[in-house]
Amino acid sequence: MVPLLQRRLFCNKSFHQNHCQWPIKQVTKSNFDDSLSEIKQRISTSDFVAVFLQNTGSSSSPWQRVSAFDTPDTAYSKAKSAAERFQTLQFAVCPFTFQASKLTAYPYNFHLFPRDELKLGMPSYSFTCQTSSLTSMAREGFDFNACIYDGISYLSRAQEYAAKVRIGNPMPVDHKTKSSSPTTTVADTVFVERIRTRVRHWKNACTDISTTKSDDAFVRSLRKIVLGSEKYGSRPSITIDVCSERQVQLVLEMLEQSDNLVPLLVPAKSGGTQSVRAVLTSSQEDKNLLKMELQNLEVDQTKRVRGFREVIDLISASQKPVVSYNSLNDFTFIHSKFIAPLPPTVDEFTNSLHLAFPVVLDVNHLVKNIGPVRKTTNISAAMSYLKNRFFAPVDMEIPHEDVVNEGNNHGHNVVKICHLFGKLCSVLKITASAIQSGDHHLASSALQGYENVFKLCPNIPQESTNEEDIRIWTNNTRKVSCQDVVFLWGFKKGTTAGMLKSLLQGSHEVFTEEFDIRLVDRSCAIVVFWQPGSSQTFLDIMNGTDFSGKLREMVSEGVRASGYEAYKRVCSSGLWESELADSLDKALASSECISEREFESKPSEIYWCSELMINLDDL
Amino acid sequence: MKKQWPVRALSRALSSSTSTSTTTTTNTSSFPLKHVTKSNFESALSSLSDHVRAADFIAIDLEMTGVTSAPWRDSFEFDRFDVRYLKVKDSAEKFAVVQFGVCPFRWDPLKFSFVAHPHNFFIYPRQELPFDGPANEFLCQTTSLDFLAKYQFDFNACIHEGVSYLSREQEVEALKRANLIYEDGLSDSLKEARDMKVVNVVDVLFSERMKNRLSEWCGGLLQERNRGSEFQGSSKDSEQKFRTVFFKMRPAVSLNGFSSHQLRLIQLVVKKHFKDLAYLHVSGENSSQQFIVYVDSESDKKLLMREVKEEQCKHEELKIKAAVGFRHVIDLLSSEKKLIVGHNCFLDIAHIYSKFLWPLPSTGEEFASSVNNYFPSVIDTKVLLNSNNVLQQLMKKSSTALSSAFSVLCPQIVLGSKSSYLPLQSRVKVEVEVDDKRSSSWNSGVKHEAGYDAFMTGCIFAQACSHLDIDFKLHSPSENLAHNEKLEKHINRLYVSWINGDVINLSTGNRTSESFGSNNHKMRYTNICFKHIVLIWGFQSKIKAREIRECISKVLGPSSVTSVYHVDESAVFVHFSKAGLVSKFLALKERLERTNDPISVLHPLAKLLEGGNTRAASYETYKEICSSPISKVLFADQAEAFGIKWKTKLVESKVEAANTQESKNLHEGNSMNSDSDSAQETNKKKLNKVTNDSSYDQLSRNEIVDSFYTSENVERIRTSNF
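Calculation criteria
Residues numbered from 1 in each chain as written. Chains lettered and ligands numbered in written order. Predicted model: local features only at pLDDT ≥ 70, side-chain atom pairs only at ≥ 80, totals over all residues. Heavy atoms only, no water. pLDDT = per-residue confidence, 0-100. Contact = heavy atoms within 4.5 Å. Patch = residues over 30% accessible without salt bridge, like charges linked within 9 Å, V, L, I, M, F, W, Y side chains within 5 Å. Areas by Shrake-Rupley, 256 points an atom, 1.4 Å probe, with all protein chains shown as cover. Salt bridge = Lys/Arg side-chain N within 4 Å of Asp/Glu carboxyl O. Helix = DSSP H or I, 4+ residues; strand = E, 2+ residues; numbered from the N terminus. Buried < 20%, exposed > 50% of the residue type's maximum accessible area, 1.4 Å probe, protein only. Core = buried A, V, L, I, M, F, W, Y, C linked by side-chain atoms within 4.5 Å. Expected span 1.5 Å × (residues − 1). Pairing = 2+ DSSP bridges. Axes fitted to C-alpha atoms, helices over the stretch in contact; angles between N-to-C directions. 1 Å grid on protein atoms, 1.4 Å probe; cavity = no way out; pocket = protein on both sides within 12 Å on 5 of 7 lines; lining within 4 Å. Points joined across faces, edges and corners; volume = space filled by probe spheres on them. Nonpolar A, V, L, I, M, F, W, Y, C, P; charged D, E, K, R; others polar.

Participant: I'd like a description of the confidence of the model for chain B, backed by residues and values.
Facilitator: Residue and element names in this part refer to chain B. Scored by pLDDT, chain B has a mean of 76; 74% of the residues are at 70 or more. The model gives residues 228-238 a pLDDT under 50, and that stretch makes 9 contacts with residues more than four places away or in other chains. Counted against residues more than four places away or in other chains, residues 655-722, with its pLDDT under 50, gives 95 contacts.

Participant: Any details on a nonpolar patch on the surface? Residues and values, ideally.
Facilitator: Together, Phe218(A), Val219(A) and Leu222(A) line one region of the surface with nonpolar side chains, adding up to about 270 Å² of accessible area. With respect to the helices and strands, Phe218(A) occurs in helix α8 (residues 217-227).

Participant: Can you break down the pattern of salt bridges residue by residue, with the values?
Facilitator: Here the structure, examined in full by the defined rule, presents 37 salt bridges over all chains. Measuring nitrogen to oxygen at the nearest pair gives 3.1 Å for the salt bridge that ties Asp108(B) to Arg438(B). Taken together, the positions of Asp108(B) in strand β3 (residues 97-108) and Arg438(B) in strand β15 (residues 437-439) put the pair 330 residues apart, joining distant regions of the chain. In this structure Asp108(B) comes out as buried when scored by relative accessible area, which is 7%. You can call Arg438(B) partly exposed: its relative accessible area is 33%. Notably, a salt bridge pairs Asp300(B) with Arg250(B), separated by 2.8 Å at the nearest N-O pair. Taken together, the residues Asp300(B) in helix α10 (residues 298-324) and Arg250(B) in strand β8 (residues 250-255) connect sequence positions 50 residues apart. The class of Asp300(B) is buried, set by a relative accessible area of 12%. Judged by relative accessible area, Arg250(B) falls into the buried class, the value being 10%. Because the salt bridges share partners, they merge into one network encompassing Arg157(A), Glu160(A), Arg306(A), Arg309(A) and Asp313(A).

Participant: Would you mind going over the nonpolar core in detail, with residue names and values included?
Facilitator: Soluble globular proteins: nonpolar side chains tend toward being buried together. Residues and elements named next belong to chain B. One finds Phe-100, Phe-121, Ile-123, Phe-326, Phe-367 and Phe-375 to be the most contacted residues of the largest nonpolar core, which totals 49 residues. Of all elements in the fold, only α2 (41-54), β2 (57-64), α3 (81-94), β3, α11 (327-336), α12 (346-357), α13 (364-374) and β16 (493-497) reach the threshold of two or more residues within this core. Discounting chain neighbours no more than four positions away, the residues touching Phe-367 are Tyr-85, Phe-346, Ile-349, Ala-350, Tyr-353, Leu-360 and Pro-361. Judged by nonpolar contacts, the second largest core, of 44 residues, contains Leu-33, Ala-116, Ala-454 and Ile-460.

Participant: Tell me about the side chain of Asp348(B), residues and numbers included.
Facilitator: With respect to the element layout, Asp348(B) can be found in helix α12. Apart from the residues lying within four places of it in its own chain, the contact partners of Asp348(B) are Asp61(B), Leu62(B) and Met64(B).

Participant: Kindly report on helix α3 (residues 72-85) of chain A, identifying the contributing residues and their values.
Facilitator: Residues and elements named next belong to chain A. Helix length check: α3, at 14 residues, gives a terminal C-alpha distance of 20 Å against a target of 20 Å (1.5 Å per residue), a fit within 8%. For α3, the tally of buried residues reaches 11 of 14 residues, placing the bulk of the element in the interior. Every buried residue belonging to α3 is among Pro-72, Thr-74, Ala-75, Tyr-76, Ser-77, Lys-78, Ala-79, Lys-80, Ser-81, Ala-82 and Ala-83, and all of these are buried.

Participant: A description of the sheet that holds strand β17 (residues 515-521) of chain A should follow, citing residues and the corresponding values.
Facilitator: Residues and elements named next belong to chain A. Taken in spatial order, the 4 strands of this open sheet run β17-β18-β16-β19, and their pairing is antiparallel. The two strands at the open ends of the sheet, each matched to only one other strand, are β17 and β19 (560-563). Taking the axes of each pair of neighbouring strands and ignoring which way they run, one obtains an average angle of 25° across the sheet. One ladder, built from 5 bridges, connects strand β16 (residues 485-489) with strand β18 (residues 524-529); its direction is antiparallel. Its bridge partner being in β18, Val-486 is matched across the sheet by Val-527. Of the strands in this sheet, β16, β18 and β19 touch helix α20 (residues 534-543), which is tilted by about 135° from β19. Across the sheet, helix α22 (residues 564-572) touches β16 and β19, and the angle it forms with β19 is around 85°.

Participant: I'd like to hear about the environment of Lys29(A), residue by residue, with values.
Facilitator: Residues and elements named next belong to chain A. By the secondary structure assignment, Lys-29 is in the loop between β1 (25-27) and α2 (32-45). Residues Lys-29 and Phe-110, 81 residues apart in the sequence, show an inter-C-alpha distance of 9.1 Å. What Lys-29 contacts, discounting residues up to four positions off in sequence, is Arg-115, Glu-117, Tyr-149, Asp-150, Gly-151 and Ile-152.

Participant: An account of the environment of Gly458(B) is needed here, citing residue identities and associated values.
Facilitator: Residues and elements named next belong to chain B. Mapping Gly-458 onto the fold places it in helix α18 (residues 450-467). Residue Gly-458 is classed as buried on the basis of its relative accessible area, which comes to 0%. Each C-alpha atom of the pair Gly-458 and Ile-58 lies 7.2 Å from the other, and the pair is 400 residues apart in sequence. Setting aside chain neighbours within four positions, we find Gly-458 in contact with Phe-57, Ala-59 and Phe-105.

Participant: Tell me about empty space enclosed by the protein, residues and numbers included.
Facilitator: Empty space among the atoms becomes apparent when a probe as large as a water molecule is rolled across them. In total, this model carries 9 cavities of 30 Å³ or more according to the counting rule given. The calculated volume of the second largest cavity comes to roughly 190 Å³. Taken together, 18 residues make up the lining of the second largest cavity; nearest its centre are Leu134(A), Ile148(A), Cys140(B), Leu145(B) and Ile159(B). Those elements giving two or more residues to the lining of the second largest cavity turn out to be β6 (126-130) and α5 (144-150) of chain A together with β6 (137-141) and α5 (155-161) of chain B. For the lining of the second largest cavity, the residue count by class is 17 nonpolar, 1 polar and no charged.

Written out as structure tokens, the structure reads:
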């Protein structure tokens, strides 16, 4: 199989020669452990970590892509829905340093598959694949067998916690969680005394057995039953059932008074603690030994459970700036697969993400600050744009020694991102030390506002961004208030924006003012009124009863209109139909029972950029 | 067996990989199987159609990317027939088929044996056309992919080389769109051009240059016409961008290397200044071409336009026909009206219908009648083995799972004729023919490879027929096996749900609860009454079934709850002993939540209502939620996504109806109890059977799913029996 596979990949190689120049270490289940320690070291000595994710899909239909007319809220909803449905199959990580135009990178490409290693229905029950995405991956020579057979599994932080509970192994007590007990009630005292007596009897019995070995087996087993003594490994132990967290506390306090007992918590299936297990050790050394054993056991188990997430944890722990091309997309995936399920709002998301990754740099966003938007639609385009416009030589070096280049050299995008980032740093005069120092006020002013741009969607600066930043790229972008935007649908399929515009122009006097119209997808158009208040006038007419002339004709043909809030509702309540028109219809149908308060509209603005609208030719 | 594995796996990988380059995969070391990918599809299709025409019956099997889109959509005992259909529908709509096994069987009267032609198609719904519609996603169940990987499924062959397809619906849609585009496509592009205003100086200059160029070309053309002879020589415009060619017997300029903006300007110039020139946009195989054609007159121009349009339409139609791909095989099976044989194939048929024909209808009855139009006779070997006494005795109560049934019924075929079985009269002989090479000895194939599974299914059927005294020696080839009177009562009967033995008759749309052979099984599920069921969800996850039962029993009486059944960790079915209790319970819950005074906290039901998100409704709501296209992993999340805002959906209790029901129940109370006891008894027996079976490690995929469900069910029953 291997030679045949290679043969096919060799054919592909001739088409993608340029991708194969960089050695990228491919990591699967078999070499994961070795690579982990290696990458740990690489990350600790690097300035930045670049990431690139290869997913099974991006968006179900054209309008569900994050685009220019999205506010941060709607953009997040879109990215969230994609991250929850699709699966990451390859995760390329590249720790790199960049000093004086010399870029040293260590690219790794991890093959992932959400295999249910623990038989707990985790990390994911099922995932969606977009046929076109898989086809284009196949065209690049993606090896699906390697991914599904040998992909590394993982659990998110939230899943790891749930898994530990469900596996139900006894856990050592975490000393940080202990708090001093408030007041002791009579019931507590009775409980503690009862347990204390039981433990004392058991302890005495244990030490007795070791001294007097005269008892026969039968008596010993009887005693075992009476005392409830068990073995934990080679050491005797006793299980104390508890009914509440309060009792856990009491038992732990009581056990602490004894020198040679090590308490373990047995988690209940539904969360919380089921019982406390006390293990008897013979001496202080033995106690330490046991504690060490427990720690190793935990490390082993953790490793098995976390899988690839170890890498994410390493990046997170290093607090190094993370460089990505499409940060909103990538980090919604990272958050949902490796940290926890995505929270409902964008603010909660940024807060949660900030804890794990304090500095995120979006290369796409950086590029947009330099050049016109339409020239930089993908990594390669951005690269060639920079090459043509600026002289910023970057000396790439990839000192991987042990990489056998077998022809399946995936993950080259992460190297491209490094390269692009290097160029950008030269152009924008960003230095690694400035970002690393953590003193962001001293950092190059150019950097401010680029950092953590995952808050914003790639094309949409946050409201708080200061005016100067916007001016740079307003040459074909205009700021529009959401209130001046109207969605229009229900027209004949195949109608172009031009046809719609000419239809509208004669239909009502509102349209004698300046307005713009673009198609969002085949079924729906977006209308921008440059005259404030016109949109409201138009919507009032559409919601009213008396239409006249051409508008009446259009409405009876089925044309409907709605303001931006209907679109917001579509995104927030996840009405992801394949055509936006259907989603908007659904949103309107359900809106009758939802009061408006849910959408106390934040004053939000979007950027009208004629270049960015979905080109129907691309569909 | 185990030691053979690596060798077999390797040879399998080899054969499936080589199938992309060479068509033949007859490998003496492995089971002869014809692997079909897109490279050899055309030739395989033509040979297959001959085999299908000559065949007595055709066995099929499918491999999919998953079975259930969420745990609560699993097959349960508590599935009413319509709910079960909705679950199958959901599965068929969401998951993709990645392998399709077709194995025509023909009786060879000279050799007194069957000849099988096992085909293994790798299929993948690649988007061949630019506008395939929204059906461009599919779901993968992680465990199913892992399962396929365990049996060495070649995902690369599937995704890189799989044969694509269009359903009938997609084809109709694509043709409609193609026609629509070409109806106003040509005029449309002109309209666009008119909209554009030339304001830019650069554009004006370019347009002017183009105008001059074109008039020069036109002038030259006319002169040459007058001279008549030296046409070739005078075309000094050897520039690649502006090449003179012939288009439809007319002189034309082929435009190369212009940007789309420039092309638009040229189009505008042509439109504005040249009456005798026509601008044409012709899309070819992989690229599109622009021409400016010289026309004699307005009528000639119209003629040309129509000609081009027709050609483009035809071209588009050809492309769509090519994109139909694997569906040609389905059309072939449908048009030949041969007997189709599957093993526990209701889900398979649903997949075939939704992938290759039309969207699945909303009810099982409609589905049955439409399937019957396309496939008039389908036989399910699992139904056959379970409903015939002779066969049941032969099976000796062993599993009716595909591979175990195969080894019990056809030991002579399992390893070809190498085994030393005497040619008993009751043993059917089967030979395998791949690419005109016949073989009668082989190694065992790989389970869960669709082609081999189809072969096994066919062998089981052939053997079963011989046990039913169907003598193929007397059987004439012209006679359709589907009309054989001995098979008649088994035809078109499929298990909708194997767990509770619901069988649907495709030719009538009727459904029956099938007995599992012995009669005592028959009574198993009659004690589930869907009117007695309340669905509760959204309670706190730590509450167990036993506690829910206790809670309710405290309020409505100790014998009020028959059983509590976990749908998933967030939802339960509570089966009450009387229908009246359902509305009583719902009304009580509603009242408790409305009052919300301190006393209601002490109410026994308060534990169940803790957290304030506990919702309850009748069984109908479960059906409604099952019909939703959304699939959240947890049922509680699903209900929320479905848009359920209320907490309790009351059931109108018609006093009279409830009363009669109650008295009836009182009357039957005694017998019911004993019934349910015996039901659980048999259930446990069945579990034992199933667990024994699984030790075979030879279950078919369908089977594994079955046994998995059942073992889970018993676990659930156990928890509810505490």
